[in-house]
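Each chain, written out:
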Amino acid sequence: MNRPLDGVRIIDWTIFQQGPVATMMLGDLGAEVIKIEERVGGDPGRGVMSIAGVMIGTSEGHNFYFEANNRHKKSLTLDLKKPEAREIVYRLAEKSDVFVQNFRQGVAERLGLDYATLRQYNPRLIYASITALGSTGEYADLPLNDAIVESKAGTSMTCLA
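Okay, so let's go over this structure. The structure presented is a predicted model; accordingly, all values stated were derived computationally and were not measured. (Residues numbered from 1 in each chain as written. Predicted model: local features only at pLDDT ≥ 70, side-chain atom pairs only at ≥ 80, totals over all residues. Heavy atoms only, no water.)

## Quick look at a nonpolar patch on the surface
Step number 1: The grouping of Leu133, Tyr139 and Leu142 at the surface amounts to a nonpolar patch, some 250 Å² of accessible area in total.
Step number 2: Secondary-structure assignment places Tyr139 in the loop between strand 7 (126–129) and helix 6 (146–153).
Step number 3: For Tyr139, a relative accessible area of 37% gives the class partly exposed. (Patch = residues over 30% accessible without salt bridge, like charges linked within 9 Å, V, L, I, M, F, W, Y side chains within 5 Å. Areas by Shrake-Rupley, 256 points an atom, 1.4 Å probe, with all protein chains shown as cover. Salt bridge = Lys/Arg side-chain N within 4 Å of Asp/Glu carboxyl O. Helix = DSSP H or I, 4+ residues; strand = E, 2+ residues; numbered from the N terminus. Buried < 20%, exposed > 50% of the residue type's maximum accessible area, 1.4 Å probe, protein only.)

## Let's talk about the side chain of Ser96
Step number 1: Mapped onto the fold, Ser96 is located in the loop between helix 3 (83–94) and strand 6 (98–101).
Step number 2: The exposure class assigned to Ser96 is buried, which follows from its relative accessible area of 1%.
Step number 3: Those residues in contact with Ser96 that lie beyond four places of it in its chain are Arg9, Ile11, Asn122 and Leu125. (Contact = heavy atoms within 4.5 Å.)

## Some points on the environment of Ile34
Step number 1: For Ile34, the location among the structural elements is in strand 2 (residues 32–38).
Step number 2: For Ile34, a relative accessible area of 9% puts it in the buried group.
Step number 3: Each C-alpha atom, one on Ile34 and one on Lys74, is 4.7 Å from the other, the two residues being 40 residues apart in sequence.
Step number 4: The residues contacting Ile34, other than those within four sequence positions of it, are Arg9, Ile10, Ile11, Asp12, Lys74 and Leu92.

## Brief notes about the packing of aromatic side chains
To describe a pair of aromatic rings, you give the distance between the ring centres and the angle between the ring planes.
Step number 1: In total, this model carries five aromatic pairs according to the counting rule given.
Step number 2: Each ring, one from Tyr90 and one from Tyr121, has its centre 4.4 Å from the other, and the planes form 10°; the classification is stacked. Highlighted residues: Tyr90 in helix 3 and Tyr121 in helix 5 (residues 115–121), separated in sequence by 31 residues.
Step number 3: Residue class for Tyr90 comes out buried when judged on its relative accessible area of 8%.
Step number 4: You can call Tyr121 partly exposed: its relative accessible area is 28%.
Step number 5: The interplanar angle of 20° and the centroid separation of 5.3 Å between the aromatic rings of Phe99 and Tyr127 together place this pair among those described as stacked. Pair noted here: Phe99 is in strand 6 and Tyr127 is in strand 7, with a separation of 28 residues, a long-range link.
Step number 6: Taken together, the ring pairs in this structure connect Trp13, Phe99, Phe103, Tyr115 and Tyr127 into an aromatic cluster. (Phe/Tyr/Trp six-rings, centres within 6.5 Å; stacked < 30°, edge-to-face > 60°.)

## Digging into the nonpolar core
Step number 1: Grouped together as the largest cluster of nonpolar side chains are 19 residues, with contacts concentrated most on Trp13, Ile36, Leu80, Val89, Phe99, Leu113 and Leu118.
Step number 2: Put simply, the parts of the chain that give this core at least two residues each are strand 1 (9–13), strand 2, helix 3 and helix 4 (107–111).
Step number 3: For this core, the leading source of residues is helix 3, giving five residues.
Step number 4: Counting six residues, the second-largest nonpolar core is a separate cluster that includes Ile10, Ala31, Val33 and Val98. (Core = buried A, V, L, I, M, F, W, Y, C linked by side-chain atoms within 4.5 Å.)

Pasting the structure below:
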């Protein structure tokens, strides 16, 4: 059976949950998703072994949090500070439909992975930039995660036993 996004290629340069879950859903719909991770350490989500005190990893090294959020994906590790690594991303961008990133303001630009640079390699490329508090305004440059956003909003999803 054909799926709606069969034939669509997505470059996933995202970390933790927000971006990986978004691209995982696109993979569920048939897209080919290529996840790019830093050569050293990879996606910090790989290190999440417990949530609210409940173990989600195993002693054998399985991390169900990371594995569930990154199902369907091909994986590539690169040192994006090196020009030859960025060239690999540029070649992928030429043959891709979508580029997704969720890094703080300025990170993509510093590494040459911003929209202006990637569109030189593929003017049809859809560039999705996911942020916690938008790309403009007084909080746009803050590094945030779920716990910080919850506290700023005055809510918490953490359950205490």
